[in-house]
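Remarks on the overall topology
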Amino acid sequence: MADTAYQQCIHPDCAATFEVDRVLTACPKCGALLDVQYDWDRLPVPRWADFEQRWASKGAQGRGRLDFSGVWRFRELLPFYGNDDRIVTIGEGRTNLQDARELARQIGFDPGNLFLQYEGLNPTGSFKDNGMTAAFTHARMVGARRVACASTGNTSASLAMFAAHAGLQGIVFIGSGKIAYGKLSQALDYGTLTLQVEGDFDACLRNLRDIVSEHPELGIYLMNSINPFRLEGQKSIMYRILEARDWRVPDWIVVPGGNLGNSAAFGKAFGELRQLGLIGRLPRLAVIQAAGADPLYTLYHEQGLRWNGGRWDHSLRDDLWAKNIAVRTVASAIEIGKPVNLPKCLRSLELMDGVVREVDDETILEHKALVGRYGFGCEPASAASVAGARLLREEGVIDADAEVVCILTGHQLKDPDATVRYHTGIDMMAAQETAPRCDPAGRASNRPIPVPDDLAAIVRVIEAH
Ligand code: F0G
């Protein structure tokens, strides 16, 4: 199967191809990003019905092990791995699509039309496991010894679990004070080497890329989403959404944007499904950034940067990158100033007739609380998708009767401090006794109420609410 898969430079004037088992993170000829591509004409054309069968035959071993995974259940759509034995899986991707009727009503959608794709249900609590299973499979194909990533937290948690599972040495680079404790605790618990770099995510990734290219003797395999195999796994999020809808395409996919790997993967997924004749039309794409970390919003929405058939204006990006704008947002997962997948995201936005918006921290936290209040739950970055959907609804870009899927990228328990701070005004990270205790001002905050150890008093408080 391997000769039907290859790597290809995304620049249309280069389009150089490379073997699937080479370890590359950029085109050796021109430096552009790479895709994993397939010779679909020489591969069996999958049918939706084949995938449906598999959920019934899932098991812990053999082929059932692959059917148990929400990524490898769709293996004909990412056929780069050669043979089944190479696949590294921990049962990732068993996530689901939730009909968020009450939330829909609250934020201006027709009930029954707003859905949440609940990626926090992955083994490490974020969508990253979808990509990690594919990248670890490739790492095993090429005999990697060490695996490493820069991370705002979730990638490191996911890498750490897969490395422990696959018996490889894991190394994670995290920015000082830039990571939610739930995520840091995972990397530590899974025994990965955790390097706290004095700097932000962009500094971590720059250091790691330099180490990989300047120190090949270390044998480090890079696990960030610049690795095209990661994105092959993340395509499966879209397959599961379609599966949950009996293969009907929704009108909109709304996703938070950080390093822009998801938006890159989603466009590739839908482009391939159309090419294979499995779908007839594409949903539109909305990428939502935090106002404190909004390079895509600046470039795409404000400055009009477009993919332009692959001949996009590099100078707009280079000028923005040269400003080294400091990024800061409560949604620490997407606190990224120089997203590496920008070109692929632009390509997806063109293919899916996309839009980009930004939302501020207060709005993010309010919508996180609304997601929680109406029976779901997510970390701050994920709530940007719901806040963005509401904004686009208010602008009239999305119609009330449109079918909209927001991606909830990470679990609520990833960042309990942000949640407690929002609802109580108490900073749990600061010294408990000396921490400032201000009244929470958030519109959706739900304060704990102090009560005496007295039954009658407690009953009075309950009756008053
Ligand atoms: N949501 C969550 C919860 C994330 O952890 C991330 C990225 C994103 C959204 C953004 O996704 O990069 O595909 O646009 N987290 C990375 C990390 C950067 O290191 O964990 P993207």
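Structure: see above.
For the structure given in this document, a descriptive report is provided here. (Residues numbered from 1 in each chain as written. Predicted model: local features only at pLDDT ≥ 70, side-chain atom pairs only at ≥ 80, totals over all residues. Heavy atoms only, no water.)

**A short note on the sheet that holds strand 10 (residues 252-256)**
Spatial strand order, 4-5-13-10-11-12: six strands in an open sheet with mixed pairing. Looking along the sheet, the strands with just one partner apiece sit at the ends: strand 4 (96-99) and strand 12 (355-359). The average angle at which neighbouring strand axes cross in this sheet is 25°, direction not considered. With four bridges connecting them, strand 4 and strand 5 (residues 114-118) associate as antiparallel partners. Within strand 5, the residue paired with leucine 97 across the bridge is glutamine 117. Lying over the sheet, helix 13 (residues 342-351) contacts strand 11 (284-290) and strand 12, oriented at roughly 140° with respect to strand 11. (Pairing = 2+ DSSP bridges. Helix = DSSP H or I, 4+ residues; strand = E, 2+ residues; numbered from the N terminus. Axes fitted to C-alpha atoms, helices over the stretch in contact; angles between N-to-C directions. Contact = heavy atoms within 4.5 Å.)

**Some points on the side chain of histidine 138**
Inspection of the secondary structure puts histidine 138 in helix 4 (residues 128-141). Among all residues touching histidine 138, those that are not within four sequence positions of it are Val20, Asp21, Arg22, Phe80, Tyr221 and Phe229.

**Details of the site of the ligand**
The immediate surroundings of the ligand are formed by 21 residues, with Thr152, Gly258, Asn259, Leu260 and Thr409 found nearest. At 2.7 Å from an oxygen atom of the ligand is found a main-chain nitrogen or oxygen belonging to threonine 152. Within the contact set of the ligand, an oxygen atom lies 2.8 Å away from a backbone nitrogen or oxygen of threonine 155. In the complex, 98% of the free accessible area of the ligand, which totals 480 Å², lies under the protein chains. Spatially, the ligand is embedded in the largest cavity. (Near = heavy atom within 4 Å. Polar contact = N/O pair within 3.5 Å; in protein donor to acceptor, adjacent residues only side chain to side chain. Areas by Shrake-Rupley, 256 points an atom, 1.4 Å probe, with all protein chains shown as cover. 1 Å grid on protein atoms, 1.4 Å probe; cavity = no way out; pocket = protein on both sides within 12 Å on 5 of 7 lines; lining within 4 Å. Sits in = over half its atoms within 2 Å of the grid points.)

**Brief notes about the sheet that holds strand 6 (residues 146-151)**
Strand order in the open sheet formed by four strands is 8-7-6-9, with parallel pairing between adjacent strands. One side of each edge strand has no neighbouring strand; the edge strands of this open sheet are strand 8 (193-197) and strand 9 (220-222). Shown here is a sheet whose adjacent strand axes are inclined to one another by a mean of 25°, direction ignored. In terms of strand pairing, strand 6 meets strand 9 through three bridges, oriented parallel. Of the residues in strand 9, the one forming a bridge with alanine 148 is leucine 222. Across the sheet, helix 5 (residues 154-166) is in contact with strand 6 and strand 7 (169-175); its angle to strand 6 comes to roughly 165°.

**Observations regarding the state of the cysteines**
All chains considered together, the criterion is met by zero disulfides. Residue cysteine 27 stays outside any disulfide, its sulfur separated by 3.8 Å from that of cysteine 14, the closest cysteine. The thiol sulfur of cysteine 204 is not disulfide-bonded, and the nearest other cysteine sulfur, from cysteine 149, lies at 9.4 Å. (Disulfide = S-S within 2.5 Å.)

**A word on helix 7 (residues 201-214)**
Taking 1.5 Å of rise per residue, 14 residues should cover 20 Å, and helix 7 covers 20 Å from first to last C-alpha, within 8% of that figure. Next to the buried residues of helix 7 lie strand 6, strand 7, strand 8 and strand 9. Its side-chain oxygen 3.3 Å from the backbone nitrogen of aspartate 202, aspartate 200 forms the N-cap of helix 7. (Expected span 1.5 Å × (residues − 1).)

**A word on the environment of cysteine 378**
Within the fold, cysteine 378 resides in the loop between helix 14 (361-373) and helix 15 (380-394). In this structure cysteine 378 comes out as buried when scored by relative accessible area, which is 1%. Sequence-wise, cysteine 378 and leucine 413 are 35 residues apart; in three dimensions their C-alpha atoms are separated by 7.6 Å. In contact with cysteine 378, not counting residues within four places along its chain, are Lys368, Val371, Ala383, Leu408, Gly410, His411 and Gln412. (Buried < 20%, exposed > 50% of the residue type's maximum accessible area, 1.4 Å probe, protein only.)

**Some words on the packing of helix 11 (residues 295-302) against helix 12 (residues 314-322)**
For the pair helix 11 and helix 12, the least separation of the axes is 11 Å and the interaxial angle reads 145°. Between helix 11 and helix 12 the crossing geometry is right-handed. Residues Pro295, Thr298 and Leu299 of helix 11 form the contact with helix 12, whose own contacting residues are Leu316, Arg317, Leu320 and Trp321. When the residues that make up the contact of helix 11 with helix 12 are grouped by side-chain class, the tally is five nonpolar, one polar and one charged. (Left-handed = near helix turned anticlockwise from the far one by under 90°. Nonpolar A, V, L, I, M, F, W, Y, C, P; charged D, E, K, R; others polar.)

**Observations concerning a nonpolar patch on the surface**
A cluster of nonpolar side chains, contributed by Ile449, Val451, Ile458 and Ile462, occupies part of the molecular surface with about 330 Å² of accessible area. You can see isoleucine 462 is positioned in helix 17 (residues 455-464). (Patch = residues over 30% accessible without salt bridge, like charges linked within 9 Å, V, L, I, M, F, W, Y side chains within 5 Å. Salt bridge = Lys/Arg side-chain N within 4 Å of Asp/Glu carboxyl O.)

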